[in-house]
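Architecture and fold: a report
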Amino acid sequence: MTVLRKNLIDGEWLGEAGSRNINPSNTNDVVGEYASAGPEEAKQAIAAAKAAFPGWSRSGPLARHAVLKKTSDEIMARKDEIGRSLAREEGKTLAEGVGETIRAAQIFDFFAGETLRLSGEMVPSVRPGVGVEMTREGVGVVGIITPWNFPIAIPAWKIAPALAYGNTIVFKPAELVPESAWTIVDILHRAGLPKGVLNLVMGKGSVVGQAMLDSPDVNAISFTGSVVTGKRVAAASVEHMRKFQLEMGGKNPLVVLDDADLAVAVDCAVNGAYFSTGQRCTASSRLIVTEGIHDRFVDAMKERLDKLVIGDALDAKTQIGPVVDQTQLKQDEDYIAIGRQEGAELAFGGERLERETPGFYLRPALFTGATNAMRISREEIFGPVANVIRVKDYDEALTVANDTPFGLTSGICTTSLKHATHFKRNSEAGMVMVNLPTAGVDFHVPFGGRKGSSYGPREQGRYAMEFYTTVKTAYTFAG
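Residues numbered from 1 in each chain as written. Predicted model: local features only at pLDDT ≥ 70, side-chain atom pairs only at ≥ 80, totals over all residues. Heavy atoms only, no water.

**What to know about the overall build of the chain**
When helices and strands are tallied, the chain shows 15 helices and 23 strands. Computed over its C-alpha atoms, the radius of gyration of the chain comes to 23 Å, within 12% of the 23 Å expected for a compact globule of 479 residues. Dimensions of the chain, computed from the C-alpha atoms along their principal axes, are close to 75 × 65 × 40 Å. Taken over 479 residues, the chain has a buried fraction of 56%. Taking all contacts inside the chain whose residues are at least 6 apart in sequence as the whole, residues at least 24 apart take part in 73%. On the chain, roughly 19,400 Å² of surface is accessible, and the fraction owed to carbon and sulfur atoms is 53%. (Helix = DSSP H or I, 4+ residues; strand = E, 2+ residues; numbered from the N terminus. Rg over C-alpha atoms; globule rule 2.2 N^0.38 Å. Buried < 20%, exposed > 50% of the residue type's maximum accessible area, 1.4 Å probe, protein only. Contact = heavy atoms within 4.5 Å. Areas by Shrake-Rupley, 256 points an atom, 1.4 Å probe, with all protein chains shown as cover.)

**Thoughts on the packing of aromatic side chains**
Using the criterion set out here, one finds seven aromatic pairs in the structure. Taking 5.3 Å as the distance between ring centres and 40° as the angle between the ring planes, the aromatic pair formed by Trp-13 and Trp-182 counts as tilted. Placement of Trp-13 in strand E3 (residues 12–14) and of Trp-182 in helix H6 (residues 178–190) is noted, with a sequence separation of 169 residues between them. In this structure Trp-13 comes out as partly exposed when scored by relative accessible area, which is 27%. Each ring, one from Trp-148 and one from Phe-382, has its centre 5.4 Å from the other, and the planes form 85°; the classification is edge-to-face. Here Phe-382 lies in the loop between helix H12 (375–378) and strand E17 (385–391) and Trp-148 lies in the loop between strand E8 (141–145) and helix H5 (153–164), a separation of 234 residues in the sequence. The two residues Trp-148 and Phe-382 agree in class, both being buried. Here the aromatic residues Phe-110, Phe-111 and Tyr-165 are joined through ring pairs into a cluster of three or more. Lys-92 extends its terminal NZ or CZ atom over the ring of Phe-150, reaching a point 3.7 Å from the ring centre. (Phe/Tyr/Trp six-rings, centres within 6.5 Å; stacked < 30°, edge-to-face > 60°. Lys NZ or Arg CZ within 6 Å of the ring centre and 35° of its normal.)

**Some thoughts on the sheet that holds strand E15 (residues 345–348)**
Taken together, seven strands build an open sheet; the order of strands is E15-E16-E17-E14-E13-E19-E20 and the sheet is mixed. The open sheet terminates on both sides in strands that have one partner only, identified here as E15 and strand E20 (431–434). Across this sheet, the average inter-strand angle for adjacent strands is 25°, counted without regard to direction. Where strand E13 (residues 252–256) lies against strand E14 (residues 284–290), five bridges are found, and the strand directions are parallel. Among the inter-strand pairings, Leu-254 is bridged to a residue of E14, identified as Leu-287. Strands in contact with helix H10 (residues 291–307) are E13, E14, E15, strand E16 (365–368) and E17; relative to E14, the strand with the most contacts, it is inclined by about 140°. Each of E13, E14, E17 and strand E19 (409–413) is contacted by helix H13 (residues 394–402), which is oriented at about 160° to E14, the strand it contacts most. (Pairing = 2+ DSSP bridges. Axes fitted to C-alpha atoms, helices over the stretch in contact; angles between N-to-C directions.)

**So, the side chain of Glu-89**
Checked against the element boundaries, Glu-89 lands in helix H3 (residues 79–90). Within the buried core, Glu-89 has no salt-bridge partner, and the shortest N-O distance to an opposite charge, that of Arg-88, equals 8.8 Å. (Lys, Arg positive; Asp, Glu negative; His and termini not counted. Salt bridge = Lys/Arg side-chain N within 4 Å of Asp/Glu carboxyl O.)

**So, the environment of Asn-372**
Here Asn-372 is to be found in the loop between E16 and H12. Separated by 101 residues in the primary sequence, Asn-372 and Thr-473 have C-alpha atoms spaced 49 Å apart. In this view, Asn-372 contacts Arg-286, Ser-377, Arg-378, Ile-389, Val-400 and Asp-403; residues no more than four positions away in its chain are not counted.

**Examining helix H2 (residues 61–77)**
The terminal C-alpha atoms of H2 lie 24 Å apart, and with 17 residues this matches the ideal 24 Å at 1.5 Å per residue to within 8%. Along H2, the residues classified as buried are Arg-64, Val-67, Leu-68, Thr-71, Ser-72 and Ile-75. The buried residues of H2 occupy an angular sector of 130° when projected down its axis, which confines them to one face. The exposed set on the far side of H2, more than 90 degrees from its buried face, consists of Leu-62 and Ala-77. On its buried face, H2 is in contact with helix H1 (39–57), H3, helix H4 (94–114), H5 and H6. (Expected span 1.5 Å × (residues − 1). Arc of directions from axis to C-beta.)

Structure (structure tokens):
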């Protein structure tokens, strides 16, 4: 019997079935049925969050700590179950699904601690007898809009700080992955959140998301998704003078210099470009390789790619799962065709694969002979597709790496301290990796980029406070 998951609005589970969640590893497998909210439900959720804000924002730190800690503990205790469900609905491997679930638990644990570390400042005024206090308060109702590629980690790193700092939430997850979103909301609800503090409104972005953008009662929006939608969020938010935070695309470079350890460089490239089926905004989609190591690097990449196991996400032997759905698969194939038309050589992969169950399987693709002017080097593909760009030396590699409208993350593989140090300082990205994959970051430090990749304060770690709080300055004259 198919399970029906409902929306949570003002502490009540509401709604009728509106969409089906399909397993991309086996399209015959229906994960569940999910309620689909309309504009009225979205308005009810916003009203509930607004009504709940005064009480939650003035709740003591121990009350918030208890909810977040209970949530962390339950997610960790159920990591295998939740991770398996995540892999089933999104298509990343079982190991990646469990790993992402653990990360979500760690994020809630971190922000549980933050509730007990809230602090302010007290300074003397320039006027005699006057004291000055600077404190931080929650901003109000926060709209949270999350993508499908990290269905529990990204909601966690938005929801946890929002609650820790006293905000109330209207949460709209991606339609493709509602199970992970529903699970995290269910855990938080049972952990003791007062009604209206967290509201789940699953449904179409054009309906639910638009209602959030149109509402003057949404005080801030945190969005992760496409550049096109991010610009719409920004324009609508300016209209209402609300805070907004955008995490969008990436076209991340991994520079490989002649002096790099070849094994390390190949590990970084394969992990960064192809793990999670390349469906990461931090993926290494541009492999910028100096000519002295270029041929050896390409040969080693093809050898490694040939050994990768592509299959059902729930099979423990699988290293690369399916693409998330038919639409994304077609986009990947379209870009592979574009790369060939532009003159790049498809050196490996790029074809659909058949497996025991019907699914969206694609062999990872590697282009060589690419230039940085090609569309496959300029536009985010968001799939297991990477291209190698040959350059003369470090200086050209840095120039090519920075020649992009994006600036989320970048990486360099080198044994030269000089070049590593220079790259860290001069790479135009929000996050820089040395001898590490461009994808893969810690949960307790800031996440975000520059240029077309991000807008607004950073996410994660203590830097999350900048977005989810507002500063108040209070003066007191004792007389």
